Amino acid sequence: MYPLDQPRVLVMQSLRGFSRTLVVSAAVLLVACSSGDDTVVENTAELVIRGAGATFPEPLYQKWIDSYDEQTPNVAFEYAGVGSGKGIAMFLAGKDPAGEVYGGAEIDYGASDAAMSDADLEQVGERGAVMVPTTGGMVVLAYNLPGVDTLTLSREAIEGIFSGEIKHWQDERITATNPDIDFPRRAVTPVVRRDSSGTTYIITSHFAEAFPAWRDGPGVGKQIDWPGSTMAVNYNEGVAQRVNITEGGIGYMEFQFAKRLGLPMATLQNKTGGYVAPTAAAGSAALGSAPEVPEDLRVFVPDPPDADAYPIVGYTWLLLYQQYPHAEKRDALKDAVLWSLTQGQPIAEDMGYIPLPADMVRLARAKVEAIQ
Amino acid sequence: MASNPFTEVVTKISKAPSSGEYAADKLLRGIVWACAAVILLLVAYIVFELGRQAFPAIIRFGIDFLIGTTWDVQKQTFGILPEIWGTLFSSLLALLLGGGLGVAMAIFLTQDFLDDRVSNVFRTVVEMLAAIPSVVYGLWGIYVLIPLIRPASQWLNETLGWIPLFGTSLSGPGMAPAALVLAVMILPTVAAISVDAFRRVPYKVKEAAYGMGTTRWEAILKVMLPTASSGILAALVLGFGRALGETMALAMLIGNSNQISLSLFAPANTLASLLASSFPEAGPLEVKALMYAALALLAITLLVNILGLWVMKAATRKFEGKA
């Protein structure tokens, strides 16, 4: 029996592998249409701490949760990537107002790539809010052009692409910085986020800072009306997936999502005029060029002035309450956040995120320790 | 003398229905009525609930909603003209392809081209298309159909680019793959109902046609097709209705782009796919706008059905001689 069984098992496994890739791609596509809470896994631990928000740091948070859970068998952390806009809304309500994520159960922390505005902060109420930056990330422009492995985009070209003025890849504004590339005759199809997203906030802040016409036109926001004919899809992974199947497509997403699908990323021109590829060093240089950190840790670097800096970067924040009625939950959560601010940072770096500058870690730890 | 064996039985049969029998009759009648009423009430309730939820948006946006072209959450202005256009355009294309193919298939299966057993196998295979989940159609569209038609789209765009239909080249998801997949999806509906329509035509009609000296094709096109026309139109109307409401496959294939383009290869959007992709993340006013959009989709479907019924009635009068 054994020798006969062997090949069948192999076939079964490869079939299973195939169906899994199908399921994964189906899931990626599905999130474009579902609420994105499919990733939630039931836990058996005594204490379950739930959070939801940005998709930008989601791969990192899941990784942190996996690593940290091994040390604390009694506490289980959960994170649902639902987008920054919804993350803030859930944090303010203490649960999903629509009752979908976690079945409407209470959440203990939120996450967002755009720090909460003063108007949002006023709505938090007596529990108070603490915003803790956990990592930085680069928003990359990933593209799909057969035969083009490196692409350099000037500021003029970036503005032209996302304002809908550049219609095809043979436009002079693109070819000027890529003299060696023979561009295929393809339409430029920008892929953008439909849902309320911190990634959109980061890139539109950069556009507004870099292009005066953008500030008066489409503006800055977590969800904007994109000019030109764009494809609008939900979530970071949705954008990555869409670029992956769209020849001539170019979309913005967190570094990790482009890397995962093996999408090529464009080298961009920064404020000083230099051309910088999205690398860890360029990202750190960008975050390091930030001016002084304000008391509430809300730092934005819409257009880093450093010569080596990658132009589109941002912090991502954990949203915590100032007060937690449940002492055990509070302590477990504090420990976990402190762990991610220290031991978690190398993991972030490995995954292509930008580790926090040392100063920021110190300030953030003080904030977390003050939680009651 | 022997007694009459029938007396007892006869009296039993001819007696008036008992109160139990009355009750059973009433009960059955009631159940049937209730079932019919539930359907009507359900439809009425859905329309009412949609209308109630959409009401604030209807008041606020009015008719501008139907002719507006922006969907801007930040400025809270919503318009669904591109989606209405995309819905009608994709469904019409699908009807053209899938409808034509479905009727042709019905002719092939019923007009003695095939042995009965073979044609039954054929028919079952076509009907199996209806059992494929729409997510699978979507994936098939993305990974098989799009790469397949991309070169053709590029050629059409380069050589016939001056025709608005080929004004752009296909980059990925877009109108053409969406319409093609929709056509395959409505094919089983159209084919199955058309087959039934052809089967309902009495055989003697065809015999009479042959008797008058028609060729096979004359019999099919000039006698059988008109006689079966009301059933075929019903098939087309149902197919069109299905195409209007199809969501999942289209959300994956249409390209989710808020624009009106005549080009077959440009990305577009439909009402159903707008609803599916925007609902999970929608804010309070956006939800109401989406309800309004759902109401618009319902109205379009209703209009199409009424129009279909009317055409069907006209066809019946013309070809089947019924009032």
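A quick note: this is a predicted structure, and the numbers were derived from the prediction, not measured. (Residues numbered from 1 in each chain as written. Chains lettered and ligands numbered in written order. Predicted model: local features only at pLDDT ≥ 70, side-chain atom pairs only at ≥ 80, totals over all residues.)

*Asks:* I'd love a proper account of the overall build of chain A, names of residues and values included.
*Replies:* Counting its regular elements, chain A contains 14 helices and 11 strands. Pairs at least 24 residues apart make up 74% of the contacts formed inside chain A by residues separated by at least 6 positions. (Helix = DSSP H or I, 4+ residues; strand = E, 2+ residues; numbered from the N terminus. Contact = placed C-beta atoms within 7 Å.)

*Asks:* Kindly report on the sheet that holds strand 10 (residues 275–276) of chain A, identifying the contributing residues and their values.
*Replies:* Residues and elements named next belong to chain A. Within the open sheet, the 3 strands sit side by side as 5-9-10. Their pairing is mixed. Every interior strand has two partners, whereas the edge strands, strand 5 (152–153) and strand 10, have only one. Summarising the sheet, strand 5 and strand 9 (residues 267–269) pair through 2 bridges and their orientation is parallel. When the sheet's bridge partners are listed, Leu153 is paired in strand 9 with Leu268. (Pairing = 2+ DSSP bridges.)

*Asks:* Account for the interface of chain A and chain B, naming residues and giving values.
*Replies:* Taken together, the contact between chain A and chain B spans 33 residues of the former and 29 residues of the latter. Elements that contribute at least two residues to the side of chain A that touches chain B include exactly helix 1 (2–31), helix 3 (84–93) and strand 7 (231–233) of chain A. No other element matches the 4 residues that helix 1 of chain A contributes to the side of chain A that touches chain B.

*Asks:* Describe the domain arrangement of chain A, with residues and values.
*Replies:* All names here are of chain A. Parsing chain A into structural domains produces domain 1 (8–136 + 314–369) and domain 2 (138–288). Each partner contributes to the interface: domain 1 provides 24 residues, whereas domain 2 provides 27 residues. For the side of domain 1 that touches domain 2, the secondary-structure elements that each account for two or more residues are helix 1, helix 3 and strand 11 (313–321). When its residues are assigned to classes, the side of domain 1 that touches domain 2 shows 11 nonpolar, 10 polar and 3 charged. (Domains from an automatic or database assignment. Nonpolar A, V, L, I, M, F, W, Y, C, P; charged D, E, K, R; others polar.)

*Asks:* How would you summarise the environment of Gln76(B) if you had to cite specific residues and measurements?
*Replies:* Residue and element names in this part refer to chain B. As for its position among the elements, Gln76 is in the loop between strand 1 (71–72) and strand 2 (77–78). A count of 13 C-beta atoms within 10 Å places Gln76 in the partly exposed class. Sequence separation between Gln76 and Gly283 is 207 residues, and the spatial gap between their C-alpha atoms is 9.8 Å. (Buried ≥ 20, exposed ≤ 12 C-beta atoms within 10 Å, placed from the backbone.)

*Asks:* Talk me through the sheet that holds strand 2 (residues 75–81) of chain A; I want residue IDs and the actual numbers.
*Replies:* Residue and element names in this part refer to chain A. Within the open sheet, the 8 strands sit side by side as 2-1-3-11-4-8-6-7. Their pairing is mixed. Each end of this open sheet is capped by a strand with a single partner; those strands are strand 2 and strand 7. Mean inter-strand twist for the sheet, computed between neighbouring axes without regard to direction, equals 25 degrees. Against the sheet, helix 3 touches strand 1 (47–53), strand 3 (109–112) and strand 11, its axis set at about 150 degrees to strand 3. (Axes fitted to C-alpha atoms, helices over the stretch in contact; angles between N-to-C directions.)

*Asks:* Tell me what's going on with the pairing of strand 3 of chain A, and back it up with residues and numbers.
*Replies:* A regular strand carries its side chains on alternate faces of the sheet. All names here are of chain A. Side chains of strand 3 alternate between two faces, with Tyr109 and Ala111 and Gly110 and Ser112 buried alike. Two elements, strand 1 and strand 3, share 3 bridges in a ladder whose sense is parallel. If you follow Ala52 over to strand 3, its bridge partner there is Gly110. In the sheet, strand 3 pairs with strand 11 via 3 bridges, with the strands oriented antiparallel. Paired with Ser112 across the two strands is Trp317, which belongs to strand 11.

*Asks:* Outline unusual backbone geometry, supporting the account with residue identities and numerical values.
*Replies:* Leaving glycine aside, a negative phi is the common case for residues, and trans is the common case for peptide bonds. Positive phi outside glycine occurs at Tyr102(A), with the angle close to 55 degrees. The backbone phi angle of Gln76(B) is positive, close to 55 degrees, even though this residue is not glycine.

*Asks:* Describe the nonpolar core, and please don't skip the residues or the numbers.
*Replies:* Most often, soluble globular proteins have nonpolar side chains that are buried together. All names here are of chain A. Core analysis: the largest hydrophobic core is formed by 97 residues, its most contacted members being Leu141, Ala142 and Met253. The greatest single-element share of this core, amounting to 8 residues, is contributed by strand 4 (residues 129–144). Composition of this core by domain shows at least three residues from each of domain 1 (8–136 + 314–369) and domain 2 (138–288). (Core = buried A, V, L, I, M, F, W, Y, C linked by C-beta atoms within 7 Å.)

*Asks:* Give a detailed account of the confidence of the model for chain B, specifying residues and quantitative values.
*Replies:* Residues and elements named next belong to chain B. For chain B, the average pLDDT comes to 90, and 95% of its residues sit at 70 or higher. When mean pLDDT is compared element by element in chain B, helix 4 (residues 81–110) scores highest at 95, while helix 1 (residues 6–14) scores lowest at 61. Both scores are given for the predicted complex: the pTM is 0.80, the ipTM 0.80. (pLDDT = per-residue confidence, 0-100.)

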